[in-house]
Amino acid sequence: MEDALEKLERMSAQMTLEPAEEHAPASNPHATAACGHTPADLARAFGTASERTSVSVKEPKKNSLGIHHAIMPGGQRIALLKTMLTTVCERNCNYCPFRKGRDFRRATFRADEMASVFAQLHRSRVVEGLFLSSGVAGGGPSTQDRLIDTIDILRRKQGYRGYVHLKLMPGTQRDQVHRAMQLADRLSINLEAPTQPALTRLAPMKVLIEELLQPLKWAAEIKQAGPPRGSLTGRWPSLATQFMVGPGGESDVDLLAMTQTLNKKVGLQRAYFSAFRPLTDTPFENLTAENPWREHRLYQASFLLRDYGFEFEDLPFGKSGHLPLDADPKVGWARMNLTETPVEVNKADRRDLLRVPGIGPRGVEAILRERQRGTLRELGDLRKLGVLAQRAAPFVLLDGRRPPAQLALM
Ligand code: SF4
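The model shown is predicted, which means the values in this text are computed figures rather than measured ones.

### A short note on the overall build of the protein chain
A tally of regular secondary structure across the protein chain gives 15 helices and nine strands. The 410 residues of the protein chain split such that 47% are buried. Here the contacts in the protein chain between residues at least 6 apart in sequence split such that 69% fall between residues at least 24 apart.

### Points about helix α9 (residues 252-265)
An α-helical segment advances 3.6 residues per turn. Residues three or four places apart therefore align on the same side. Under the 1.5 Å per step criterion, the end-to-end length of α9 is 19 Å for 14 residues, consistent within 8% with the ideal 20 Å. Asp252, Leu255, Leu256, Met258, Thr259, Gln260 and Leu262 are the residues of α9 that are buried. If you follow the buried residues of α9, they end up packed against α8 (208-225), β6 (238-245), β7 (270-275) and α10 (292-307). Just downstream of α9 lies Gly267, where phi reads positive at about 65 degrees.

### Focus on the confidence of the model for the protein chain
Predicted confidence across the protein chain gives a mean pLDDT of 87, with 86% of residues reaching 70 or more. Taken together, the stretch residues 23-34 has pLDDT below 50 and engages in 40 contacts with residues farther than four places along the chain or on a different chain. Considering only residues more than four positions removed or in separate chains, one finds that residues 36-60, a stretch of pLDDT under 50, has 60 contacts.

### A closer look at the environment of Val117
Locating Val117 in the fold gives a position in helix α4 (residues 111-123). Residue class for Val117 comes out buried when judged on the 21 C-beta atoms lying within 10 Å of it. If we ignore the near neighbours within four places in the chain, the residues touching Val117 are Ala4, Leu5 and Leu8.

### Quick word on the nonpolar core
Note on soluble globular proteins: their nonpolar side chains tend to be buried together. Formed by 83 residues in total, the largest nonpolar core has its most connected members in Leu81, Phe118, Leu166 and Ala180. Among all residues touching Leu81, those that are not within four sequence positions of it are Leu65, Gly66, Ile67, Phe118, Leu121, Val127, Leu130 and Phe131. Grouped together as the second largest cluster of nonpolar side chains are 21 residues, Val356, Val364, Ile367 and Val387 included.

### So, the environment of Gln182
Relative to the helices and strands, Gln182 resides in helix α6 (residues 174-183). For the pair Gln182 and Gly230, spaced 48 residues apart in sequence, the C-alpha separation works out to 6.2 Å. Not counting chain neighbours up to four residues away, the residues in contact with Gln182 comprise Pro228, Gly230, Ser231 and Leu232.

### Here we look at the sheet that holds strand β1 (residues 67-71)
The seven strands are arranged β1-β2-β3-β4-β5-β6-β7 in an open sheet whose pairing can be described as mixed. At either end of the open sheet lies a strand with only one pairing partner, and these are β1 and β7. Taken pair by pair, the neighbouring strands of this sheet meet at an average axis angle of 25 degrees, ignoring direction. Here three bridges tie strand β4 (residues 163-167) to strand β5 (residues 186-188), and the two strands are oriented parallel to one another. Bridge pairing in β5 places Leu166 opposite Leu187.

Analysis parameters
- Residues numbered from 1 in each chain as written.
- Predicted model: local features only at pLDDT ≥ 70, side-chain atom pairs only at ≥ 80, totals over all residues.
- Helix = DSSP H or I, 4+ residues; strand = E, 2+ residues; numbered from the N terminus.
- Buried ≥ 20, exposed ≤ 12 C-beta atoms within 10 Å, placed from the backbone.
- Contact = placed C-beta atoms within 7 Å.
- Expected span 1.5 Å × (residues − 1).
- pLDDT = per-residue confidence, 0-100.
- Core = buried A, V, L, I, M, F, W, Y, C linked by C-beta atoms within 7 Å.
- Pairing = 2+ DSSP bridges.
- Axes fitted to C-alpha atoms, helices over the stretch in contact; angles between N-to-C directions.

Here it is, written out as structure tokens:
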């Protein structure tokens, strides 16, 4: 019988890093498929034989097992095993390599088997965290039960207390969401699209509100109902989702409106945007890949909404409902709003400072501290505080004067 490490290796040949955790995905060219996989990497991996070697737990080949470095919210890097309970799937998402009927060799773990092999890898210091997803096999709730069982065994029998990012399956039930929240550090469910028509084009069997949004709503309700009693992590998990960008025909307005709604209504911590890339032997294999700059602009805009106090209405959408590809949305907003009325760095409040390109949350705090000591007069004063001074220059006043600005930056 195929051993667990062999299966991990084979899964790794079929899936790799999705832009998860707080890894800076804007620079990551890899798109993400529905239940947590990356079509770009899969496109490269499929069709090539997995490099099969004999591996031991003591000395496994990390990359061949699907181990990647993820950046945690505090900046810490951890070796994260990204894998699946099964690559069998009964659904037919049009972009996904795991869709039913696609011809490739699939692999399945039992819950105790996955928990055991991960615990061994962890004890051997090969991995420090787990990202666990799955194809849908036997229905969403049944698949979710097996995912939950895996983490439950890992936490209770194997005594693992480290990081777990667990996927919620389409159609997961409320009690399963609650149980998953007691076990994981992060939960995510891939919405794929912001509207049902766009979702149907991508994933004909998925239902946006009942199957995908409802588990996020339950998670928010459970969090609001009280402290994390029964939690094995001592806190409620963060929530994340992912959108497939391009073939659904959705607009950036659609995507960012949904993101902002989820930020506000369910406390979504992270939305991932994955520019579509076609994969052979799928219904979308002949579609054109989405421009990766679109993914990049969506990330920038989502950070403005989440971290910079921007409102949805502030974003510089064009008539098509998309963000301009040739300009950072913060710069686009500043050109329209700050060119004639620049921000006086020595007087502006936190909110106005955050709107200036080149000034981030840390820069704002540094400026506010420095203002108590004296007046900021030169771009060099800003530079010393970690501000991207040339980027900010066209949109600020320093002690009543416009600083010399060089290029208009994107
Ligand atoms: S439900 Fe199945 S086919 Fe659809 S994205 Fe998930 S793994 Fe792929």
